[in-house]
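Residue-level structure breakdown
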Amino acid sequence: MINKLLYYESEGFNPYFNLAVEECLLNNLNEGECILYLWQNQNTVVIGRNQNCWKECRVSLLEEEGGRLARRLSGGGAVYHDLGNLNFTFITGRKDYDVARQLSVVIRALEDFRISPELSGRNDVTVGGRKCSGNAFYRQGDSCYHHGTLLLEVDMARMMRYLAVDPGKLAAKGVESVRSRVCNLTEFVPGLTVATVRGAVAAAFEAEYGKPALLREEDLDQAILEEKETKYSSWEW
């Protein structure tokens, strides 16, 4: 049973630091806690734990243009993050882990803007049949997280340049390009901002679960946080 709610909002855009925070929150989860973590990365391709970056991303081009490549703990596909994207992570114990309930928070937040989102399979949220949110999952012992993206005003041109999509996959699905399968929420609500959606997600979390206490960087063990950041930025990882 959930008996403690926590909320953490990252202030930086460094993917290695943000992934380090996510892992620290997971590792320090106490029984009965549920954490909502909101974060953003700048000009970053994030690949799944078991992916080959050279097959999923044009790594040299990304790095030449000042971007970063990062690998997360969860599985799933490669995604592009910039400041037009908001990332969310729900962290909770195995007994309290409920993907449908967690995604209901995202759905409720979007509905506040008169957007009509739909769940597509286990991993995606779509609007008008196009993907605006992809999700991935990870479990470590009795602690679990579910994280995902919300595309608001992502630079689609950069996304197309950096992600090396297999043309065979696209042909098999009968679509012409990644662009035809994904959408920015600003297409449906012009002027929508990350700050506004971030506030809506936090409010929807409170409406669904209750009022959370705020967590900050200083609440985490700084030595472990630094160690994890070093891991995520390393060639070995």
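Let us look at the structure shown here. (Residues numbered from 1 in each chain as written. Predicted model: local features only at pLDDT ≥ 70, side-chain atom pairs only at ≥ 80, totals over all residues. Heavy atoms only, no water.)

**Quick look at the packing of aromatic side chains**
The condition that has to hold: Here the aromatic set is Phe, Tyr and Trp, taking the six-membered ring for Trp, and pairing holds for ring centres within 6.5 Å; pairs whose planes are under 30 degrees apart are stacked, those over 60 apart are edge-to-face, and all others are tilted. Burial classification: accessible surface area is computed with a 1.4 Å probe over protein chains only, and a residue below 20% of its type maximum counts as buried, one above 50% as exposed, and the rest as partly exposed.
For the structure on display, the rule yields 8 aromatic pairs. With a centroid separation of 5.9 Å and 65 degrees between ring planes, the pair formed by Phe88 and Phe90 is classed as edge-to-face. Consider the rings of Tyr138 and Tyr145, whose centres lie 5.5 Å apart with planes at 40 degrees: the pair is tilted. Assigned by exposure class, Tyr138 and Tyr145 land together as buried.

**Quick look at the side chain of Asp124**
Under the convention used in this document: The secondary structure listing takes helices from DSSP runs of H or I that are at least 4 residues long and strands from runs of E that are at least 2 residues long, numbered from the N terminus. By the criterion applied in these results, polar contacts are pairs of N or O atoms within 3.5 Å in which, for protein atoms, one can donate a hydrogen and the other can accept it, and in which residues neighboring in sequence qualify only through two side-chain atoms. Residue contacts follow a heavy-atom distance rule, with two residues in contact if any of their heavy atoms lie within 4.5 Å.
Examined against the element boundaries, Asp124 turns out to sit in strand S8 (residues 124-127). Engagement of the side chain of Asp124 in a polar contact is seen with the side chain of Lys131, the distance being 3.4 Å. Among residues more than four places away in sequence, those in contact with Asp124 are Glu118, Leu119, Lys131, Ser133, Gly134 and Asn135.

**Quick look at the sheet that holds strand S4 (residues 68-71)**
For clarity, the threshold we go by: Strand pairing is assigned whenever DSSP identifies at least 2 bridges connecting the two strands. Each axis is a line fitted through C-alpha atoms, and for a helix only the stretch in contact is used; angles between axes span 0 to 180 degrees, taken between their N-to-C directions.
One open sheet accounts for 3 strands, arranged S4-S3-S5; its pairing is mixed. Looking at strand neighbours, the two that pair on one side only are S4 and strand S5 (79-81), the edges of this open sheet. Each strand of the sheet is rotated relative to its neighbour by a mean of 25 degrees, with strand direction disregarded. The strands touched by helix H1 (residues 15-27) are strand S3 (44-47) and S4; relative to S4, the strand with the most contacts, the crossing angle is about 20 degrees.

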